[in-house]
Amino acid sequence: MSGTDGVVASGRAAAPADALRLEGVHKSFGRLEVLRGIDLAVAEHEVVCLIGSSGSGKSTLLRCVNLLEPIDAGRIHVLGTEITGRGVDVDSVRRRIGIVFQSFNLFPHMTVLRNVTLAPRKVLGLPAAEADARCEELLVRFGLADKRDWFPDRLSGGQQQRVAIVRALAMQPELLLLDEITSALDPELVSEVLDVIRELAAGGMTMVLATHEMGFAREIASRVCFLDGGLVLEQGSPAQIFADPQEERTRQFLKRIVDAGRL
Amino acid sequence: MIVVVIVNSPGWPAVRRAFFDGHEFTSSLPEISRAFLTNVEIFCIAEGFILVVGLAIAVMRSLPGPVFFPIRALAILYADIFRGIPTILVIYILGFGAPALQLSWLPTSTVVWGIVGLVLIYSAYVSEVYRAGIDSVHPSQDAAARSLGLSRSQSMRHVVLPQAVRRVVPPLLNDFIGLQKDTALIALLGTVEAFRQSQIDVAATFNFTPYLATALLFVAITIPLARFTDWLLNRDRRRRQSAGALG
């Protein structure tokens, strides 16, 4: 658990306890090498933002952490347990890691409440009443109580994404992965989703976000990682990355963002 | 237009006497209706099995990875073979072949073997319908379910299949209308169902009206079946759209 072999490119001295640690993670799709040796460590309660242009590997990285994509080489540890070894029970790993997708991926044939209670009931084996209680509490907390019996196709994008976040939280994950969760939303719906993330960060949730919302990354991140060509090219505090990037590629990327009026 | 041509054709008076005889119709209808109950029975029993066997074949075929290759291959082989052989041949082979084996533990009833034949054939078709439905559910749905910790089979059962089945209700019903018609093929094994009964009536009177009566009975079943599906689909759509207003 404690970072005895903490020689990872985290830029921090002696990590207390890494919630997530990636070592030399490689992933290819056919001939396309998307991740080319990712090293990354995320401490508990840390909020790490992954930035970089499309195709830099942000989403693939998150999908690999959740074992939705098998990696080709390297190792991934979650809370001290290696999850990429042979004979790992992928279902029990995923139980501890929540992920929220860009496209919400709610189950369209279930009500909001059923969407949220499905995993607690089927995976954790909670009795229906207990699962309902736990999930209704979450829905109330995130302003979705009056939507519990609605079907997803009746909700706005922002509401759907908040339900997706609640669905992930209902499993009480130790690590939450957020894959460009505001990219599919209308601009006026982005803030309601970001508010939820803000609240989670304040509550100490360990999170890794792939995001294009630079302003939000600057505000919320404990650390920002710039991915380029399947590598973590540069990382540091938001102030350092956004104000004083060291790498030429980072500067180019941020200049394009500024030019587009996104920062 | 077609009606005008038929009614003005030179043979029409004779055809009308042979096929549209009111007296023959009323006198043959009760007996054919009784025999038609056999068709309905065959249909209901066969349908129950087909829904289950077809689904099992479809799920077998959707198992991923090299480990399950033999199971996938078996499912594909099954669907290919039983979609390839004409229904009538399968029913002949089973209906006359199986009892001829003279194995005491095998049923000898021709109805049973007729039903087995229909189940084998239609399960192959229905498995393809289910498979199309399973394939139509976007992989992100399975990813979302698996990411919550649901196992492969839990994801299939709670997330993928419910959506898949809903989407394939109309084509499933289409196959069942086909099945309802094909119950008449069991007549070939000697079972007295509606078509066989009408043949008997025709042979006795040399009037073909009983065939028409039988045709009407079949249509009388398939039309409500079609409307029922429409109603089911509409209800589902309404329920999903109005739930918000009620909620």
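Sequence order as written defines residue numbering, which begins from 1 separately in each chain. A letter from A marks each chain and a number from 1 marks each ligand, given out in the order of writing. Only residues with pLDDT of 70 or above have their local features reported here, since the model is predicted, and side-chain atom pairs are shown and tallied only from 80 upward, although totals for entire chains, interfaces and linings are computed over all residues. The side-chain numbers reported here are obtained from all heavy atoms of the structure, hydrogens and water having been left aside.

Notes on the side chain of S127(B)
Okay, step 1: Helix and strand definitions here come from DSSP, where helices need a minimum of 4 consecutive H or I residues and strands a minimum of 2 consecutive E residues; each element is numbered from the N-terminal end. Counting through the fold element by element, S127(B) comes out in helix α6 (residues 110-136).
Okay, step 2: Overall, the relative accessible area of 2% leaves S127(B) in the buried class. Summary of the burial criterion: residues with accessible area below 20% of their type's maximum are buried, those above 50% are exposed, and those between are partly exposed, where the area comes from a 1.4 Å probe applied to protein chains only.

Things to note about the pattern of salt bridges
Opposite charge on two side chains lets them pair, provided their charged atoms get close.
Okay, step 1: A carboxyl oxygen of Asp or Glu within 4 Å of a side-chain nitrogen of Lys or Arg is what we treat as a salt bridge. One pass over the structure, following the stated rule, counts 24 salt bridges over all chains.
Okay, step 2: Measuring nitrogen to oxygen at the nearest pair gives 2.3 Å for the salt bridge that ties R162(A) to E192(A). Note that R162(A) is positioned in helix α5 (residues 157-169) and E192(A) in helix α6 (residues 187-202), a separation of 30 residues in sequence.
Okay, step 3: A salt bridge links E128(B) to R61(B); the nearest nitrogen and oxygen atoms lie 2.7 Å apart.

Focus: helix α3 (residues 112-122) of chain A
Each α-helix winds once per 3.6 residues, and so residues spaced three or four apart point in a common direction.
Okay, step 1: α3(A) sits mainly inside the fold: eight of its 11 residues count as buried.
Okay, step 2: Those residues of α3(A) that fall on the buried side of the exposure criterion are V112(A), L113(A), N115(A), V116(A), T117(A), L118(A), A119(A) and P120(A).
Okay, step 3: Any pair of residues with heavy atoms lying within 4.5 Å of one another is described as a contacting pair. On the buried face of α3(A), the contacting elements are α4 (128-141) and α5 of chain A together with α8 (152-167) of chain B.

Focus: the interface of chain A and chain B
Okay, step 1: At the interface, 28 residues of chain A touch 24 residues of chain B.
Okay, step 2: Simply put, the buried area is the total loss of 1.4 Å probe accessible area from both parts when two parts are fitted together. Summing both partners gives a buried area of about 2,200 Å² for chain A against chain B, and 59% of it is carried by carbon and sulfur.
Okay, step 3: Taken together, the connections running from chain A to chain B amount to one salt bridge.
Okay, step 4: Here R146(B) and D91(A) are joined by a salt bridge, their closest N and O atoms 3.2 Å apart.
Okay, step 5: N or O atoms within 3.5 Å of each other form a polar contact, as long as, within protein, one can give a hydrogen and the other can take it, and as long as residues adjacent in sequence are counted only when both atoms are side-chain atoms. Where chain A packs against chain B, one counts six residue pairs in polar contact (both at pLDDT 80 or more).
Okay, step 6: Sort the elements by how many residues they give to the side of chain A that touches chain B and helix α2 (residues 90-96) of chain A lands first, with four residues.
Okay, step 7: Taken together, the residues of the side of chain A that touches chain B sort by class into 16 nonpolar, three polar and nine charged. By the convention adopted, Pro, Cys, Tyr, Trp, Phe, Met, Ile, Leu, Val and Ala count as nonpolar, Lys, Arg, Asp and Glu as charged, and the other residues, Gly among them, as polar.

Overview of the nonpolar core
Okay, step 1: As used here, the term nonpolar core means buried Ala, Val, Leu, Ile, Met, Phe, Trp, Tyr and Cys residues forming a set that is joined through side-chain atoms within 4.5 Å. With 49 residues, the main nonpolar core has I51(A), I165(A), L176(A), I197(A), L200(A) and M207(A) as its most contacted residues.
Okay, step 2: Once residues lying within four places of it in the same chain are set aside, the contact partners of L176(A) are G98(A), I99(A), V100(A), A168(A), L169(A), L200(A), M205(A), T206(A), M207(A) and V208(A).
Okay, step 3: In this structure, L68(A), V93(A), A144(B) and L148(B) belong to the second largest nonpolar core, which totals 45 residues.

Description of the packing of α8(B) against helix α9 (residues 169-182) of chain B
Residue and element names in this part refer to chain B.
Okay, step 1: Axis definition: a line fit to C-alpha positions, over the contact stretch in the case of helices; interaxial angles, taken between N-to-C directions, run 0 to 180 degrees. Taken N-terminus to C-terminus, the directions of α8 and α9 make an angle of 60 degrees; their axes are 5 Å apart at the nearest point. Put simply, α8 runs oblique to α9. Mapping the contact onto sequence places V165, R166 and R167 in α8 and V169, P170 and P171 in α9.
Okay, step 2: A class-by-class count of the residues in the contact of α8 with α9 yields four nonpolar, no polar and two charged. Comment on the angle field: the value is read as roughly parallel under 35 degrees, roughly antiparallel over 145, roughly perpendicular from 65 to 115, and oblique elsewhere.

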